[in-house]
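These are the residues of each chain, in order.
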Number of protein chains: 2
Amino acid sequence: MTTKTEAGPEHVLTLERVIDAPVDKVWRCWTEPELLEKWFCPKPWYVSDAKIDLKPGGEFSSVMHGPNGEKFDNMGVFLEIEPQRRLVTTDAFRPGWIPNGRAFMAAEMRFEDAGGGKTRYIARAMHWNEDTLKEHEQMGFREGWGKAADQLETLAKSL
Amino acid sequence: MTTKTEAGPEHVLTLERVIDAPVDKVWRCWTEPELLEKWFCPKPWYVSDAKIDLKPGGEFSSVMHGPNGEKFDNMGVFLEIEPQRRLVTTDAFRPGWIPNGRAFMAAEMRFEDAGGGKTRYIARAMHWNEDTLKEHEQMGFREGWGKAADQLETLAKSL
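What you see is a predicted model, and the numbers here were worked out from it, not measured in a lab. (Residues numbered from 1 in each chain as written. Chains lettered and ligands numbered in written order. Predicted model: local features only at pLDDT ≥ 70, side-chain atom pairs only at ≥ 80, totals over all residues. Heavy atoms only, no water.)

Q: It is not clear to me how the overall build of chain A should be interpreted in this structure. Could you clarify?
A: Broken down by element type, chain A carries four helices and 10 strands. The dimensions of chain A, computed from C-alpha atoms along their principal axes, are 40 × 40 × 30 Å. Among the 159 residues that make up chain A, the fraction classed as buried is 53%. Counting contacts in chain A only where the partners sit at least 6 residues apart, residues at least 24 apart contribute 48% of the total. Accessible surface computed for chain A: about 7600 Å², of which carbon and sulfur atoms make up 48%. The positive charge centre, built from 21 side chains, and the negative charge centre, built from 26, are 3 Å apart in chain A. (Helix = DSSP H or I, 4+ residues; strand = E, 2+ residues; numbered from the N terminus. Buried < 20%, exposed > 50% of the residue type's maximum accessible area, 1.4 Å probe, protein only. Contact = heavy atoms within 4.5 Å. Areas by Shrake-Rupley, 256 points an atom, 1.4 Å probe, with all protein chains shown as cover. Lys, Arg positive; Asp, Glu negative; His and termini not counted. Charge placed at Lys NZ, Arg CZ, Asp CG, Glu CD.)

Q: Teacher, can you tell me more about the sheet that holds strand β4 (residues 71-74) of chain B here?
A: Residues and elements named next belong to chain B. Pairing is antiparallel in the open sheet, where three strands are placed in the order β2-β3-β4. Both edges of this open sheet fall to β2 (46-52) and β4, since each of them pairs with a single strand only. Here the average twist between neighbouring strands, direction ignored, is 10°. Sheet analysis places strand β3 (residues 60-65) next to β4, joined by four bridges and oriented antiparallel. Bridge pairing in β4 links S62 to N74. (Pairing = 2+ DSSP bridges. Axes fitted to C-alpha atoms, helices over the stretch in contact; angles between N-to-C directions.)

Q: Can you walk me through the sheet that holds strand β5 (residues 77-82) of chain B in this structure?
A: Residues and elements named next belong to chain B. The strand order across the open sheet formed by five strands is β1-β10-β9-β6-β5, and the pairing between neighbours is antiparallel. One side of each edge strand has no neighbouring strand; the edge strands of this open sheet are β1 (12-19) and β5. Averaged over all pairs of adjacent strands, the angle between their axes in this sheet comes to 15°, without regard to strand direction. The pairing of strand β9 (residues 105-115) with strand β10 (residues 118-127) spans 10 bridges and is antiparallel. Bridging across to β10, F111 finds its partner in Y121. Taken strand by strand, helix α4 (residues 141-158) contacts β1, β9 and β10, and its axis lies near 25° from that of β1.

Q: What's the story with helix α3 (residues 130-138) of chain A in this structure? I'm lost.
A: Residues three or four positions apart in an α-helix share a direction because the helix packs 3.6 residues into each turn. Residues and elements named next belong to chain A. Of the positions making up α3, those classed as buried are T132, L133 and H136. Taken around the axis of α3, the buried residues stretch over an arc of 105°, which confines them to a single face. Exposed side chains of α3 directed beyond 90 degrees from the buried face belong to D131 and Q138. If you follow the buried residues of α3, they end up packed against β1 (12-19), β9 (105-115), β10 (118-127) and α4 (141-158). Of the residues that open α3, the one with a side-chain oxygen 3.1 Å from the backbone nitrogen of D131 is N129. Once α3 finishes, G140 follows within two positions and takes phi at roughly 95°, a positive value. (Arc of directions from axis to C-beta. Polar contact = N/O pair within 3.5 Å; in protein donor to acceptor, adjacent residues only side chain to side chain.)

Q: Help me understand the state of the cysteines, please; the structure alone is not making it clear to me.
A: Between two cysteines, a covalent bond joining their sulfur atoms is known as a disulfide. Residues and elements named next belong to chain A. Applying the stated criterion across every chain, the model contains zero disulfides over all chains. C29 takes part in no disulfide bond, and the closest cysteine sulfur to it belongs to C41, at a distance of 15 Å. With a relative accessible area of 0%, C29 lands in the buried category. (Disulfide = S-S within 2.5 Å.)

Q: Explanation requested: the packing of helix α1 (residues 23-31) of chain B against α4 of chain B in the structure shown.
A: Relative orientation and spacing of two packed helices are given, respectively, by the angle between their axes and the distance between those axes. Residue and element names in this part refer to chain B. Here α1 crosses α4 at 115°, and the two axes come no closer than 9 Å. As for how α1 packs across α4, the hand of that crossing is right-handed. Counting all contacts with α1, which are made through K25, V26, C29 and W30, the residues of α4 involved are L152, L155 and A156. Here the contact of α1 with α4 is composed, by residue class, of six nonpolar, no polar and one charged. (Left-handed = near helix turned anticlockwise from the far one by under 90°. Nonpolar A, V, L, I, M, F, W, Y, C, P; charged D, E, K, R; others polar.)

Q: Help me out: how do you make sense of the pattern of salt bridges in this one?
A: Once their charged atoms are close, side chains differing in charge can pair, the charge on each being opposite to the other. All names here are of chain B. In total, this model carries 34 salt bridges over all chains according to the counting rule given. The shortest N-O distance in the salt bridge between E82 and R86 comes to 2.9 Å. Between E108 and R110 there is a salt bridge, and its shortest N-O distance comes to 3.8 Å. Judged by relative accessible area, which is 1%, E108 ranks as buried. With a relative accessible area of 10%, R110 lands in the buried category. (Salt bridge = Lys/Arg side-chain N within 4 Å of Asp/Glu carboxyl O.)

Q: Where do I start with the pairing of β9 of chain B in this structure?
A: Moving residue by residue along a regular strand, the side chains alternate between the two faces of the sheet. Counting buried positions along β9 of chain B gives eight out of 11 residues, so the element sits mostly inside the fold. Taking the residues between adjacent antiparallel strands as the criterion, β9 of chain B and β10 of chain B are bridged by two residues, where G116 of chain B takes a positive phi near 60°.

Q: Would you take a moment to explain the interface of chain A and chain B for this structure?
A: By a frequent convention, interface size equals the accessible area lost on bringing the separate parts together. Each partner contributes residues to the interface: chain A has 29 residues there, and chain B has 29 residues. Three residues stand out in chain A for area buried against chain B, namely W97, P99 and W128 of chain A, and they jointly supply 31% of the buried area on that side. Between R94 of chain A and E10 of chain B there is a salt bridge, and its shortest N-O distance comes to 3.5 Å. Scanning the region where chain A abuts chain B turns up four residue pairs in polar contact (both at pLDDT 80 or more). With three residues, the top contributor of residues to the side of chain A that touches chain B is strand β6 (residues 86-90) of chain A. (Buried area = accessible area lost by both parts, 1.4 Å probe.)

Shown next as structure tokens:
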């Protein structure tokens with residue numbers, strides 16, 4: 001399987017792993033709000049109010065909560081949806097294609113059948129420049145997305 | 001007719017006018033590369049190599065040429081297409097949803113039947129912040145987009 005990109009992005013962080021659950025269950029965890037809320041943030045952080053409008057330009061938002069009462073709105077939209085295969089989101093817009101805050105990243109998630117009821121899960125955070133890439137690394141991309149993927153796997157296996 | 005935006009954008013420049021040609025002809029001028037090249041830049045500037053892949057994430061690019069040999073690549077993608085009604089583009093991505101340069105603007109063009117074979121044409125340039133809005137104003141948004149719309153009208157009437 002190849003990606004659709006003609007030239008690779010320059011400022012990308014990638015998480016790739018095999019999840020011990022089939023694609024349809026991993027897909028559900030990504031696209032059903034009540035499931036997303038259960039895994040999307042590494043504990044003890046969590047998200048509430050997940051909104052998933054699965055179409056280009058459709059809302060993809062949630063509220064992130066921290067253990068000390070921290071609260072952040074997480075607003076974005078979907079850019080592209082290939083059911084059971086690929087999701088692309090960005091925080092650069094809110095619904096109506098309204099430019100939102102500053103453009104921080106686009107995220108592409110791919111879901112591939114890895115055989116034996118497992119899923120190859122490839123998540124890429126693509127940034128506009130080196131500064132935001134580094135900022136994201138320092139925010140703990142690898143540990144954060146890794147822990148969230150652990151939670152995603154646990155949830156998908158339980159479905 | 002109302003827009004689909006839930007909350008208005010803050011950093012927007014708008015051109016609104018009635019074009020003396022029907023919607024289907026104005027739409028053609030926007031969506032056929034060989035027509036786009038004839039009007040998209042105010043003369044004596046012009047564009048060549050227009051690429052129009054009319055789907056979300058599809059390429060929308062051209063090369064701008066100035067009278068003194070200036071040459072600028074104009075790379076972007078479509079975000080949303082409502083045939084004969086609405087187009088949304090941005091320069092923030094190149095195909096593959098790869099973050100592109102800096103995110104400067106999203107542009108929304110609406111085409112409404114104004115009766116009598118005319119089209120109400122509403123073009124909005126939506127920016128991420130006040131700085132880029134001002135930069136766009138200083139680059140001559142009003143005169144530039146206005147002249148281009150004159151050229152668009154002349155071409156659409158001739159079809």
